[in-house]
Amino acid sequence: TRDTESVPPELAHVVLAWSDALNRNDNEAAARYFAPGAVIGQSQQYRLDDPELAMAWNDGLPCAGTIVELRMVDVAVVAIFVLGERPGHQCDAPGARAAAAFVIEDGLITRWQQVAVPGEGTPTTPAPADTATETAPVA
């Protein structure tokens, strides 16, 4: 079971629905959960200024992720994933844990930030593929 205690249901729904879309390799559906101009933070920062960039970024994530915990940290929902194979992709860290923080406003993700898995130190998810780095870094 997924621990979603303390996360408001409307916020948990967005994270779970995005993850489900990504896991079935539906990048178009996954992209619809991002607000125009959403900021992505991994090894660099990117701004998803339009749906095509959001689709490309989602497609660049190599792994599926099973959410094992959701928790609120300030205004963000932190999701902890166990990485796995994703249709049409090659996961480079199956079985590893990764975490991301989601800031959600009006039902859309406005910020997605890779974070260290709580209690584990550095993040384990690699940066997206080169096709997702065509956006200009956020100043």
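Below or above, wherever it landed, is the structure these notes cover. (Residues numbered from 1 in each chain as written. Predicted model: local features only at pLDDT ≥ 70, side-chain atom pairs only at ≥ 80, totals over all residues. Heavy atoms only, no water.)

## Details of the pairing of strand S3 (residues 64–73)
So, point 1. Note that S3 and strand S4 (residues 76–84) share 9 bridges and pair antiparallel. Looking at S4, one finds that Leu70 is bridged to Ala79.
So, point 2. Two successive antiparallel strands, S3 and S4, enclose a turn made up of 2 residues, where Asp74 displays a positive phi of approximately 55°. (Pairing = 2+ DSSP bridges. Helix = DSSP H or I, 4+ residues; strand = E, 2+ residues; numbered from the N terminus.)

## Thoughts on the pattern of salt bridges
Pairing is possible between side chains that carry opposite charge, provided their charged atoms lie close to one another.
So, point 1. Per the counting criterion, the structure on display carries 3 salt bridges.
So, point 2. For Asp26, the salt bridge is made with Arg24, and the minimal N-O distance between the two is 3.8 Å.
So, point 3. Residue classification places Asp26 among the partly exposed positions, given a relative accessible area of 28%.
So, point 4. Residue Glu28 is joined to Arg32 by a salt bridge in which the shortest nitrogen-to-oxygen separation is 3.6 Å.
So, point 5. According to the relative accessible area criterion, Arg32 is exposed, its value standing at 54%. (Salt bridge = Lys/Arg side-chain N within 4 Å of Asp/Glu carboxyl O. Buried < 20%, exposed > 50% of the residue type's maximum accessible area, 1.4 Å probe, protein only.)

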